[in-house]
Amino acid sequence: MSDTASAHSGDDASATGHPRALDTIIYGGLVVGILDGLFALIFYGLILGAQPLRIFQAVASGVLGKASFEGGVTTFLLGILLHFVVATCIAAVYYVASLKLPVLIRHAVVCGLLYGMIAHLVMNYVVIPLSAANSGRFSLRTFLPAFIGHALLVGLPIALLARRSAKANQRN
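These numbers were taken from a predicted model, which means no experiment stands behind them.

1. What to know about the overall build of the protein
Part 1 of the argument: A count of helical and extended segments in the protein gives seven helices and zero strands.
Part 2 of the argument: Across the protein, helices and strands are ordered from the amino to the carboxyl terminus as α-α-α-α-α-α-α.
Part 3 of the argument: Expressed as lengths along the three principal axes of its C-alpha atoms, the size of the protein is roughly 60 × 30 × 25 Å.
Part 4 of the argument: Residues counted as buried form 37% of the 172 residues belonging to the protein.
Part 5 of the argument: Taking the intrachain contacts of the protein between residues at least 6 apart in sequence as the baseline, contacts between residues at least 24 apart amount to 70%.
Part 6 of the argument: For the protein, the accessible area works out to roughly 9,600 Å², and carbon and sulfur atoms hold 69% of it.
Part 7 of the argument: Between the averaged position of the 11 positive side-chain charges in the protein and that of its 6 negative side-chain charges there is a distance of 6 Å.

So, in structure tokens, the structure goes:
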């Protein structure tokens, strides 16, 4: 394979421009919020049988504690809002990191998958224990699908959006 062909194959190592903040953070937060929210509703709701209302009330419990489960639709909506705020923060961290580490753009697929896994670990073992939410017990039955889900539905979309934005920004 020629040098030119290898430079433009795979993860497209030629994409070294900086992503735009709006593209990566806002669109990333929206896309990830929707994908991860759908994952939560399907996995926890349809597969494990949790009530959809309680899924997002559990997110609100990070701020309100156990009281979130008594707040009905209001705390459900607060949970959705907080879910999108967290998704946007996760996208913002990737954006800021990509400004200093161009490898996150050049190798977006691998870095995005790894970032999603790291985001899941940080959420579950740093953020949630520091919040008012009940951390619960470890269960491989819920950990593994959520871990893989975060790689595919959180980290990967953010990285691909950042790479797309960097390419577009490089052309301008």
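That shown, we press on.
2. Concerning the nonpolar core
Part 1 of the argument: Val32, Ile90, Tyr94, Tyr115, Val154 and Ile158 are the most contacted members of the largest nonpolar core, which has 16 residues in total.
Part 2 of the argument: A total of five residues in this core trace back to one element, the largest contributor, which is helix H7 (residues 140-171).
Part 3 of the argument: When sequence neighbours within four positions are dropped, the list of residues in contact with Val32 reads Gly37, Ala87, Leu153, Val154, Pro157 and Ile158.

3. Examining the packing of helix H2 (residues 21-47) against helix H4 (residues 72-100)
Part 1 of the argument: At a minimum axis separation of 8 Å, H2 and H4 run at an interaxial angle of 135 degrees. Put simply, H2 runs oblique to H4. For the pair H2 and H4, the crossing hand works out as right-handed. Together, Ala21, Thr24, Ile25, Gly28, Gly29, Leu30, Val32, Gly33, Ile34, Asp36 and Gly37 of H2 and His83, Phe84, Ala87, Thr88, Ala91, Ala92 and Tyr95 of H4 make up the contact between the two elements.
Part 2 of the argument: Here the residues of the contact of H2 with H4 sort into ten nonpolar, seven polar and one charged.

4. Overview of the packing of helix H6 (residues 108-130) against H7
Part 1 of the argument: Orientation of H6 relative to H7, taken along the N-to-C sense of each, is 130 degrees, at an axis distance of 6 Å. Here H7 runs oblique to H6, going by the angle between their axes. The crossing of H6 and H7 is right-handed. Touching Ala108, Val109, Gly112, Leu113, Tyr115, Gly116, Met117, His120, Leu121 and Tyr125 of H6 are Phe143, Ala146, Phe147, His150, Ala151, Leu152, Gly155, Leu156, Ile158, Ala159, Leu160 and Arg163, all from H7.
Part 2 of the argument: When the residues that make up the contact of H6 with H7 are grouped by side-chain class, the tally is 16 nonpolar, five polar and one charged.

So, how was this worked out
Residues numbered from 1 in each chain as written. Predicted model: local features only at pLDDT ≥ 70, side-chain atom pairs only at ≥ 80, totals over all residues. Heavy atoms only, no water. Helix = DSSP H or I, 4+ residues; strand = E, 2+ residues; numbered from the N terminus. Buried < 20%, exposed > 50% of the residue type's maximum accessible area, 1.4 Å probe, protein only. Contact = heavy atoms within 4.5 Å. Areas by Shrake-Rupley, 256 points an atom, 1.4 Å probe, with all protein chains shown as cover. Lys, Arg positive; Asp, Glu negative; His and termini not counted. Charge placed at Lys NZ, Arg CZ, Asp CG, Glu CD. Core = buried A, V, L, I, M, F, W, Y, C linked by side-chain atoms within 4.5 Å. Axes fitted to C-alpha atoms, helices over the stretch in contact; angles between N-to-C directions. Parallel < 35°, antiparallel > 145°, perpendicular 65-115°, else oblique. Left-handed = near helix turned anticlockwise from the far one by under 90°. Nonpolar A, V, L, I, M, F, W, Y, C, P; charged D, E, K, R; others polar.

It is worth stressing that arrangement in space is one thing and function is another; only the former is reported here.
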